[in-house]
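Geometric and topological summary
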Amino acid sequence: MSKQRSPLREAPEPLEANDVATVTVGTIIWFALFVVQLPFYGWYSDHGHTWFIWACAAGGVLGLIGLKYVRARRDAIARAAAAAEGQTPQRA
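Residues numbered from 1 in each chain as written. Predicted model: local features only at pLDDT ≥ 70, side-chain atom pairs only at ≥ 80, totals over all residues. Heavy atoms only, no water.

When helices and strands are counted, the protein chain shows three helices and zero strands. Ordered by position from N to C terminus, the α and β elements of the protein chain give α-α-α. For 92 residues, the compact-globule estimate of 2.2 N^0.38 gives 12 Å, and the C-alpha radius of gyration of the protein chain, at 22 Å, exceeds that figure by more than 25%. When the backbone C-alpha atoms are referred to their principal axes, the protein chain occupies close to 60 × 60 × 15 Å. Looking at the 92 residues of the protein chain, the share that counts as buried comes to 16%. For the protein chain, the share of sequence-separated contacts (at least 6 apart) that also reach a separation of at least 24 residues comes to 51%. By element, 63% of the accessible surface of the protein chain is carried by carbon and sulfur atoms, the whole surface being about 8,000 Å². (Helix = DSSP H or I, 4+ residues; strand = E, 2+ residues; numbered from the N terminus. Rg over C-alpha atoms; globule rule 2.2 N^0.38 Å. Buried < 20%, exposed > 50% of the residue type's maximum accessible area, 1.4 Å probe, protein only. Contact = heavy atoms within 4.5 Å. Areas by Shrake-Rupley, 256 points an atom, 1.4 Å probe, with all protein chains shown as cover.)

Here is the structure:
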């Protein structure tokens, strides 16, 4: 019995989204979770789960790095689009 493969389809275009807003919201959530868990540090420590707190802190710090990256990407895309049109880019 031979397997028949279906013909390959072209990949869809990527969706455009507001990356800066998405990363900002995610970063705020990570830092909020960090702050909310701090009062319970003793309980987490007693049960060997302090890594929960530090994972949230790491998520917030990595979110800040990601925020810098997506802002730079957004600005580079705007500069490239403006150069293609022969205009000066406007900062958002």
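Now that the structure is up, let's keep going.
Taken as a whole and assessed by the stated rule, the structure comprises five aromatic pairs. Centre to centre, the rings of phenylalanine 34 and tryptophan 54 are 5.9 Å apart; their planes meet at 45°, and the pair counts as tilted. Taken together, the residues phenylalanine 34 in helix H1 (residues 19-37) and tryptophan 54 in helix H3 (residues 51-85) connect sequence positions 20 residues apart. The exposure class assigned to phenylalanine 34 is buried, which follows from its relative accessible area of 17%. Owing to a relative accessible area of 46%, tryptophan 54 belongs among the partly exposed residues under this scheme. With a centroid separation of 5.8 Å and an interplanar angle of 75°, the aromatic rings of tyrosine 44 and phenylalanine 52 are classed as edge-to-face. Through pairs of rings, three or more aromatic residues link up here, namely Trp43, Tyr44, Trp51 and Phe52. (Phe/Tyr/Trp six-rings, centres within 6.5 Å; stacked < 30°, edge-to-face > 60°.)

Spatial relationships are all this shows, so hold off on functional conclusions.
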